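Letter by letter, the chains look like this.
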Amino acid sequence: MDHTSFLERWFRRAALTVIIVFFMFPIFWIVLMSLQTNETILRSPPSMSFAPTLDNYMAILAGRLDSNVASMGIDFVNNLMNSIILSVCSVAVALALGVPAAYAFARHKFRGSEDIAFTLLSFRFAPPLLVLLPLTLYFQEIGLADTYLGLVWVYQLICLPLILWIVRGYFEDISPDIEYAYRIAGHSWFSTFRKIALPLAGPGIAAAGLLAFIFAWNNFIFALVLASADKQPVTVGALAFVTASGIQYGQIAAAIVLSIAPTLALALWAQRYLVEGLSLGAVKG
């Protein structure tokens, strides 16, 4: 039975409402800006009363950046597709490499295993500028400069350590006795990994993949240095909206809405796996 008082329940609901409004208000405000003209956005004092328009979205989808002086061509839709390609491929490669490695680190303790795991993690918190110059020179030598393959490779510095360390913790929370019982029945190591370990750690793997996708989607510095305009993601393509003739805030807001829509849709679709994955192993014993 719930023994909380009415005042306590009301306080919890009020606190939750304040938290939701605090975190959702910037997104709400950006959506409102995307439906206004530049003149409406810059008027003083600001007002919530305006005639909504879809001109900002139409201009972006048509590849046109309108300013007070002239119009110039942009290819934001291509930047959006580049973000999807780079993020999806990077997470797919990181999952294919990181999940088996995480299982090996969790189940098989060998000399130097912790040192290797920590070295891989150090790639995650190392400053990107530390590796950009040697990577640029190296990629130019082997022909990977300004290619999707080269960017996906570099994005492993973001995705692979994250997936490896998160998924490793989920595998360690799974009792190995279940796997031993399955192995005693005559099944191979790979079959045990595929039919027992992977399903049990599924929510954790999904949560790690979603977090890696968001980190890859938001990356800026690697694509700025290692890719040309036709392969740059939305994080770099957004620089095109800042021009010498002025800043079109309405089109910037529309571009932000379009750029966060894929990650928001993915998070809403996978929220059940995300909650299960983040809470997996919270209660032990």
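Just above, that's the structure.
Just so it is clear, the structure is predicted and the values come from calculations on it, not from any experiment.

Digging into the overall build of the protein
And then number 1: Broken down by element type, the protein carries 14 helices and four strands.
And then number 2: In summary, the protein has a C-alpha radius of gyration of 24 Å against a globular reference of 19 Å for 285 residues, an excess of more than 25%.
And then number 3: Projected onto its principal axes, the C-alpha coordinates of the protein cover approximately 75 × 70 × 30 Å.
And then number 4: When contacts within the protein are restricted to residue pairs at least 6 apart in sequence, those whose partners lie at least 24 apart make up 73%.
And then number 5: Accessible surface computed for the protein: about 16600 Å², of which carbon and sulfur atoms make up 71%.
And then number 6: Seen as two clouds, the 16 positive and the 16 negative side-chain charges of the protein have centres 9 Å apart.

Looking at the state of the cysteines
Working definition of a disulfide: a covalent bond connecting the sulfur atoms of two cysteines.
And then number 1: Counted by the stated rule, this structure contains zero disulfides.
And then number 2: Between Cys89, a cysteine without a disulfide, and Cys159, which holds the nearest cysteine sulfur, the sulfur-to-sulfur distance is 11 Å.
And then number 3: For Cys89, a relative accessible area of 35% gives the class partly exposed.

Things to note about the pattern of salt bridges
And then number 1: Enumeration over the complete set of coordinates arrives at four salt bridges.
And then number 2: Residue Glu179 is joined to Arg107 by a salt bridge in which the shortest nitrogen-to-oxygen separation is 3.1 Å. Of the two residues, Glu179 sits in helix 8 (residues 176-184) while Arg107 sits in helix 4 (residues 76-107), which places them 72 residues apart along the sequence. Grouping residues by exposure puts Glu179 and Arg107 together as buried.
And then number 3: Lys231 serves as the salt-bridge partner of Asp230, at 3.2 Å between the closest nitrogen and oxygen.

A look at helix 7 (residues 148-173)
And then number 1: Compared with an ideal rise of 1.5 Å per residue, which puts 26 residues at 38 Å, helix 7 spans 36 Å between its outermost C-alpha atoms and is within 8% of the ideal.
And then number 2: In the structure, helix 7 departs most strongly from a straight axis at Gln156, where the bend amounts to approximately 45 degrees.

Considerations on the packing of helix 1 (residues 6-34) against helix 13 (residues 249-269)
In a packed pair of helices, the relevant descriptors are the angle between the two axes and the axis-to-axis distance.
And then number 1: Direction vectors running N to C along helix 1 and helix 13 enclose 125 degrees, while the axes themselves pass 7 Å from each other. Between helix 1 and helix 13, the interaxial angle falls into the category oblique. With respect to the hand of their crossing, helix 1 and helix 13 are arranged in left-handed fashion. Every residue of helix 13 that contacts helix 1 at Ile27, Ile30, Val31, Met33 and Ser34 is listed here: Tyr249, Gly250, Ala253, Ala254, Ile256, Val257 and Ile260.
And then number 2: Grouping the constituent residues of the contact of helix 1 with helix 13 by class yields ten nonpolar, two polar and no charged.

Notes on a nonpolar patch on the surface
And then number 1: Together, Leu16, Ile19, Ile20, Phe22, Phe23, Met24, Ile27 and Val31 make up an exposed nonpolar region whose accessible area comes to about 780 Å².
And then number 2: Inspection of the secondary structure puts Val31 in helix 1.
And then number 3: In this structure Val31 comes out as partly exposed when scored by relative accessible area, which is 33%.

With respect to the nonpolar core
And then number 1: Ranked by size, the top nonpolar core spans 50 residues in total, and within it Phe76, Ile163, Val167, Phe171 and Phe241 carry the most contacts.
And then number 2: For this core, the leading source of residues is helix 7, giving eleven residues.

Re the packing of aromatic side chains
And then number 1: Tallied over the entire structure, the rule returns twelve aromatic pairs.
And then number 2: Here the aromatic residues Tyr103, Phe171, Trp189 and Phe193 are joined through ring pairs into a cluster of three or more.
And then number 3: When the ring centre of Tyr148 is taken as reference, the NZ or CZ atom of Lys231 above it lies at 5.8 Å.

Some remarks on the side chain of Arg107
And then number 1: Relative accessible area serves as the criterion here: at 19%, Arg107 is assigned to the buried category.
And then number 2: For Arg107, the side chain forms a polar contact with the main-chain oxygen of Ile174, separated by 2.8 Å.
And then number 3: In contact with Arg107, other than residues within four places in its own chain, are Phe171, Glu172, Ile174, Ser175, Pro176 and Glu179.

Conventions we followed
Residues numbered from 1 in each chain as written. Predicted model: local features only at pLDDT ≥ 70, side-chain atom pairs only at ≥ 80, totals over all residues. Heavy atoms only, no water. Helix = DSSP H or I, 4+ residues; strand = E, 2+ residues; numbered from the N terminus. Rg over C-alpha atoms; globule rule 2.2 N^0.38 Å. Contact = heavy atoms within 4.5 Å. Areas by Shrake-Rupley, 256 points an atom, 1.4 Å probe, with all protein chains shown as cover. Lys, Arg positive; Asp, Glu negative; His and termini not counted. Charge placed at Lys NZ, Arg CZ, Asp CG, Glu CD. Disulfide = S-S within 2.5 Å. Buried < 20%, exposed > 50% of the residue type's maximum accessible area, 1.4 Å probe, protein only. Salt bridge = Lys/Arg side-chain N within 4 Å of Asp/Glu carboxyl O. Expected span 1.5 Å × (residues − 1). Bend = angle between axes of the 7 residues up to and from the residue. Axes fitted to C-alpha atoms, helices over the stretch in contact; angles between N-to-C directions. Parallel < 35°, antiparallel > 145°, perpendicular 65-115°, else oblique. Left-handed = near helix turned anticlockwise from the far one by under 90°. Nonpolar A, V, L, I, M, F, W, Y, C, P; charged D, E, K, R; others polar. Patch = residues over 30% accessible without salt bridge, like charges linked within 9 Å, V, L, I, M, F, W, Y side chains within 5 Å. Core = buried A, V, L, I, M, F, W, Y, C linked by side-chain atoms within 4.5 Å. Phe/Tyr/Trp six-rings, centres within 6.5 Å; stacked < 30°, edge-to-face > 60°. Lys NZ or Arg CZ within 6 Å of the ring centre and 35° of its normal. Polar contact = N/O pair within 3.5 Å; in protein donor to acceptor, adjacent residues only side chain to side chain.

By themselves these figures say nothing about function.
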